[in-house]
Amino acid sequence: MKAKIIGISSYLPSRVVTNDELSKTLDTSHEWIYSRTGIASRHVSAYDELTSTLAIEAAKQVLEQSEVRPGEIDAIIVSTTTGDTRFPSCACKVQGAIGASKAFAFDVNAACAGFIYALAVADSMMKSMKLKNVLLIASETLTKFVDWTDRSTCVLFGDGAGALVLQSSDDETSGIIATKLYSNGDEEKYNSILSHNGAQNDYRGYITMAGRSVFKYAIEYMAMSMHDILNENNMTMNDIDWVIPHQANRRILESLCKMKEFPLEKFVITTENHANTSSASIPLAMRDAMYRGIVKKGDTLLFSALGAGLVWGSAIIRL
Ligand code: ACO
């Protein structure tokens with residue numbers, strides 16, 4: 001049995017904030033941000049536009065596109081690190097909103113690597129629980145969790161959601177081929193470089209980050225997980241049509257390719273208009289590349305991401 005992607009959609013808040021707009025209130029400039037990150041603009045959610053709002057919009061679109069009725073969904077998995085509330089989960093809000101009455105629903109939180117974690121969870125549950133249809137959504141509103149006076153972090157993030165319908169199929173020629181996950185929660189080494197400082201009594205808090213360390217670990221660990229997953233599946237980069245990495249920052253991806261000898265021309269990069277949308281960035285980039293006719297049915301894709309924890313991982317799928 002293979003878990004096949006039969007539909008993909010995305011939803012981006014309508015408000016677009018450019019670097020020039022940010023430079024009106026912050027000591028920064030388009031040149032500084034663009035040259036260091038490749039980001040020119042980001043979508044920013046309105047005050048009452050929550051992570052679940054984005055997830056529900058993306059869910060409605062993907063169901064329509066894949067011609068799956070809400071009542072046919074067995075499970076809803078939402079990857080998010082910015083849920084509206086600690087509980088109920090975002091996935092339960094989606095379930096109620098779309099009327100997926102027989103689905104069970106839960107969230108997965110693995111920061112920017114969450115989409116790959118959710119994909120691995122969905123794949124194994126579809127096999128072990130014999131599920132037919134799974135709605136997998138990655139939805140994030142990081143801009144609600146940044147300190148808008150901290151120029152070193154707030155310029156990096158944007159909001160958005162991507163949604164997939166995964167369907168079990170006996171056709172072994174396409175679907176999820178492999179997933180590989182890693183975590184290291186060594187507090188001194190990793191949590192100090194990238195975390196959200198909201199404690200139990202201060203849920204909101206802000207993202208804090210040591211940018212240069214994150215840059216270094218993203219290159220090392222994403223390269224490691226891509227090499228591991230390819231080797232373990234007797235594949236090389238020649239078997240991959242497109243790499244769709246977590247879209248943190250163009251410069252990280254360029255350095256990854258240069259230092260670790262990956263072909264940059266195979267990388268889908270959408271940081272320019274999306275910025276870093278955490279776990280939503282891979283499905284958003286994939287949807288964008290499919291919409292533009294770059295990624296096509298039959299292509300073999302390699303996903304890779306790293307996020308706070310640290311958590312990281314890779315996945316290989318064939319469309
Ligand atoms: N505009 C202008 N100046 C800035 C800005 C800004 N937006 N942000 C920082 N600076 C200044 C700093 O204050 C510093 O000034 P100083 O020398 O007077 O102290 C100077 O620029 C250099 O700061 P650095 O942090 O050393 O700049 P660097 O060249 O490392 O670039 C950046 C910072 C872009 C954050 C880089 O470290 C990076 O890309 N890191 C990766 C982080 C990332 O993408 N995180 C995303 C979340 S994690 C994830 O998704 C995996």
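Values in this document were obtained by computation on a predicted structure and should not be read as measured data.

Asks: Would you mind showing me how to read the domain arrangement of the protein chain here?
Replies: A common measure of how large an interface is: the accessible area buried when the components associate. Looking at the assigned domains, one finds that the protein chain contains domain 1 (2-169) and domain 2 (175-318). Its C-alpha centre places domain 1 at a distance of 15 Å from the equivalent point of domain 2. Across the boundary between the two partners, domain 1 contributes 55 residues, which contact 50 residues of domain 2. Approximately 4200 Å² of surface area, both sides summed, lies buried where domain 1 meets domain 2, with 66% of it carried by carbon and sulfur atoms. Of all residues in domain 1, Cys112, Ile116 and Phe145 bury the most surface against domain 2, accounting for 17% of the area lost on that side. Joining domain 1 to domain 2, the criterion identifies zero salt bridges. Summed over the shared surface of domain 1 and domain 2, the result is 14 residue pairs in polar contact (both at pLDDT 80 or more). Counting only elements with at least two residues in the side of domain 1 that touches domain 2, the list comes to β1 (2-11), α2 (30-37), β3 (41-43), α5 (114-128), β6 (133-141), α6 (151-154) and β7 (159-169). A total of eight residues in the side of domain 1 that touches domain 2 trace back to one element, the largest contributor, which is β1. The class makeup of the residues in the side of domain 1 that touches domain 2 is 25 nonpolar, 19 polar and 11 charged.

Asks: Sorry, what's going on with the sheet that holds strand β11 (residues 242-245) here?
Replies: Backbone-to-backbone hydrogen bonds pair the strands of a sheet. The strands run either parallel or antiparallel. Spatial strand order, β8-β13-β12-β11: four strands in an open sheet with mixed pairing. Strands at the two margins of the open sheet, each flanked by one partner only, are β8 (175-183) and β11. Adjacent strand axes in the sheet meet at a mean angle of 15° when their direction is disregarded. Summarising the sheet, strand β12 (residues 300-307) and strand β13 (residues 311-318) pair through eight bridges and their orientation is antiparallel. What sits directly across from alanine 305, in β13, is glycine 313.

So, how was this worked out
- Residues numbered from 1 in each chain as written.
- Predicted model: local features only at pLDDT ≥ 70, side-chain atom pairs only at ≥ 80, totals over all residues.
- Heavy atoms only, no water.
- Domains from an automatic or database assignment.
- Contact = heavy atoms within 4.5 Å.
- Buried area = accessible area lost by both parts, 1.4 Å probe.
- Salt bridge = Lys/Arg side-chain N within 4 Å of Asp/Glu carboxyl O.
- Polar contact = N/O pair within 3.5 Å; in protein donor to acceptor, adjacent residues only side chain to side chain.
- Helix = DSSP H or I, 4+ residues; strand = E, 2+ residues; numbered from the N terminus.
- Nonpolar A, V, L, I, M, F, W, Y, C, P; charged D, E, K, R; others polar.
- Pairing = 2+ DSSP bridges.
- Axes fitted to C-alpha atoms, helices over the stretch in contact; angles between N-to-C directions.

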